[in-house]
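# Observations on the three-dimensional arrangement
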Amino acid sequence: MYPIWFVILGVIVYGLAYFTYAKWYDKHVWEPDPKKPTPAHTYMDGITFFPVSKYVLYGFQFKGIAGLGPILGPFIALMYGWVPALIWILLGNFFIGWIHDYSSLMLSVRNEGKTMGPLSYELISPRARRALLGFLVFYLILILAVFMVLCSLFFKVYPASVLAMIFLVLGGVVSGALLYKAKMGVGTSTLVGIIIIIIGIILGVQVPIKHPSLALWMVFTSIILFIAAVTPLMWVTQPVVYVASFPAIFGILLLFIGALASPATGVRIEQPGYLGFMAKAGPMWPLLTVSIACGAISGWHSLISTSGSASQLDVETDALPVGGGAMLTEGLLALMSLAAYMVLTPGEIKELGGVKWTCLVHGAKKLIVPITGGEPYIEAFYGLWLELYALTIAMIVIRFLWLTFGEITAGVPPLRVIIGNKWGGSIIGLLVAGAFAYTGAWINLWLLFGGSNQLLAGLALILVTIYLAKVKKPTIYTLAPAAFMIVTCEAALLWEAKDFFLKMGQLVKPPMKAGTLAAKALNFIFGVVGIVLFILGLLVAIDAIKAYRKAKAGG
Amino acid sequence: MPKWFKRERKEEKREEEGGVKKEVKEAVKGVFYGMASHGMVRYMLKTRMYLEHLFMLITLGDMLGFPILPPYYSLKLLPYAIPHIKTWKRSLFRERDVTDLLY
């Protein structure tokens, strides 16, 4: 079997989802009216609220949602076989993924462009908003920890990507300086940035920087993140994210071409289809669902839909191609990533040191090198590709984290002085996330992140359901996925917490020594984080059920 | 079929094809711009907004109870501030929290 079939199957299933179920749901439940003014028109300020074309918004939404989740999440398929992963990516997207993104977008559009916080306050309860805020803090710390460790791991495993990454950051900074300080045109400054990145990739292959210590790479990553967090957005974060988007798009396109050309290149799916319900990490349900993360559904998308795209939607009828279309495209990306893992033989996986995220680079290389050649450059490029996704998201998250610290400590001035500012907040955020990341319990950490991420999606779906009940529209299409996601994610969080408590100190791997006091303490903290997330999710769910009943009764 | 009719159909077809081509070109351009640059443009606009809000606060701070500039200068700057009053007020009154700051 060739990887091209994954892509073809995805195109058929997602095409069906879009042109049948999605169109029907859009027409019969939300009934978008192209004449109804959207917040982009009613509140137009040319800054936050302004209408843009559906194509631009589709690109913006896709770029916002397509992070490392759909790219790395399918690694779990190496534990259970590719058939269950394929089924979940296809069906999860068909019944839950697109409906979540699209409905969150429509919910915000129909509520004056409000975001998740004010919406949960209005539709559920003030307590739900506070719980959501608390939930967000843990969620952000987990994202930061996961992406810090991924970035450091990639630096360690792909020495050629170190210089490439340094040059990417440099390219971003130079590009930003040319644009803002030297007042150069966007095209020229972007070109300069891209040239610097290309030089970085070539230099990276020529001068690989090797160091076996993960701790060193974590310090290196933390320094970049700290600089990005405390400097004005326009100096580092924004231009780096901007120039990084070009290699990011190029990497997706290359992967797509590699999968499409697989019958010509002779690259086949080599992994077994099914390996059993139980794996080392735990049972397939709920862990497969939460691990694949954004490939099928993700709570992060509801944040993007409500805080980004909703304020720029030109007409209501654009919501389906923007929200639903972008999510289904992301499903395709997840299928391509799944294919990239699956082309590796069991022997190759063994050679690479077992089931790891880094397997993706080798899979991508196997797909692409027969077409392009230049193996070391493709390896350096895909190492950089993964790092830039991890680093750019971590750059955004660390800023968002200290802003959230500022919000939650607003009522406690002494605490606000310490952690409610960019210096203290960034240091605390990096220290906590760094300590989490350093444990070596990466797969468990990913599952904890996946659980909280999907739970957020379930909560967003329940918000949508309450709104639909209030306006007397059918709710079953969002209520059923919401119930499934909340039960699955709560189960996953409990499973992970149980693992951390019962295998105290055993889940950590090098660089930390298993069984030491520090390892046990960190495992205990992970367990507590899992329980806290579970309780916060439960609190919101209980309040949401009450609000739903009230809305159904016409209250 | 008369020649003129055939010619007209051909022209119509060409126009339609041109329309589709134009639409596809617009779509590709739009998606690429949306993925690569739209976030950056939004950020620049937001930066300008914060600076403009600062300007509004300095000139029209009296409206919020902050007598920052002597009214003489406020009055002189009023023509520059007036076009922004509506947006400024809406932005200040809009309920927001950290989830607004994400994107």
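In this report, the structure presented in the accompanying data block is examined. Keep in mind it's a predicted model, so treat the numbers as computed, not measured.

About the cut-offs
- Residues numbered from 1 in each chain as written.
- Chains lettered and ligands numbered in written order.
- Predicted model: local features only at pLDDT ≥ 70, side-chain atom pairs only at ≥ 80, totals over all residues.
- Heavy atoms only, no water.
- Salt bridge = Lys/Arg side-chain N within 4 Å of Asp/Glu carboxyl O.
- Helix = DSSP H or I, 4+ residues; strand = E, 2+ residues; numbered from the N terminus.
- Buried < 20%, exposed > 50% of the residue type's maximum accessible area, 1.4 Å probe, protein only.
- Contact = heavy atoms within 4.5 Å.
- Buried area = accessible area lost by both parts, 1.4 Å probe.
- Patch = residues over 30% accessible without salt bridge, like charges linked within 9 Å, V, L, I, M, F, W, Y side chains within 5 Å.
- Areas by Shrake-Rupley, 256 points an atom, 1.4 Å probe, with all protein chains shown as cover.

### Overview of the pattern of salt bridges
- This structure, assessed with the given rule, holds 10 salt bridges over all chains.
- The residue Glu52(B) makes a salt bridge to Arg48(B) at a minimum N-O spacing of 3.7 Å. Taken together, the residues Glu52(B) and Arg48(B), both in helix H2 (residues 38-60) and 4 residues apart, mark about one turn of the helix.
- The exposure class of Glu52(B) is partly exposed, given its relative accessible area of 22%.
- With relative accessibility at 44%, the residue Arg48(B) sits in the partly exposed group.
- Residues participating in the shared-partner salt-bridge network are Glu112(A), Lys114(A) and Glu122(A).

### Focus: the environment of Met485(A)
All names here are of chain A.
- The topology assignment puts Met-485 in helix H23 (residues 476-502).
- Here Met-485 falls in the buried class, since its relative accessible area comes to 0%.
- Separated by 302 residues in the primary sequence, Met-485 and Lys-183 have C-alpha atoms spaced 48 Å apart.

### Examining the interface of chain A and chain B
- Every contact between the two is made by 52 residues of chain A and, on the other side, 32 residues of chain B.
- Carbon and sulfur atoms supply 70% of the area buried between chain A and chain B, which totals about 3800 Å² over both sides.
- The largest contributions to the chain A side of the interface with chain B come from Ile47(A), Tyr55(A) and Phe60(A), which together make up 18% of the buried area.
- Taken together, the connections running from chain A to chain B amount to 0 salt bridges.

### Looking at a nonpolar patch on the surface
- On the surface, a cluster of nonpolar side chains totalling about 910 Å² of accessible area is made up of Leu51(B), Leu54(B), Ile58(B), Met63(B), Leu64(B), Phe66(B), Ile68(B), Leu92(B) and Phe93(B).
- Going through the elements one at a time, H2 and helix H4 (85-93) of chain B are the ones with two or more residues in the nonpolar patch.

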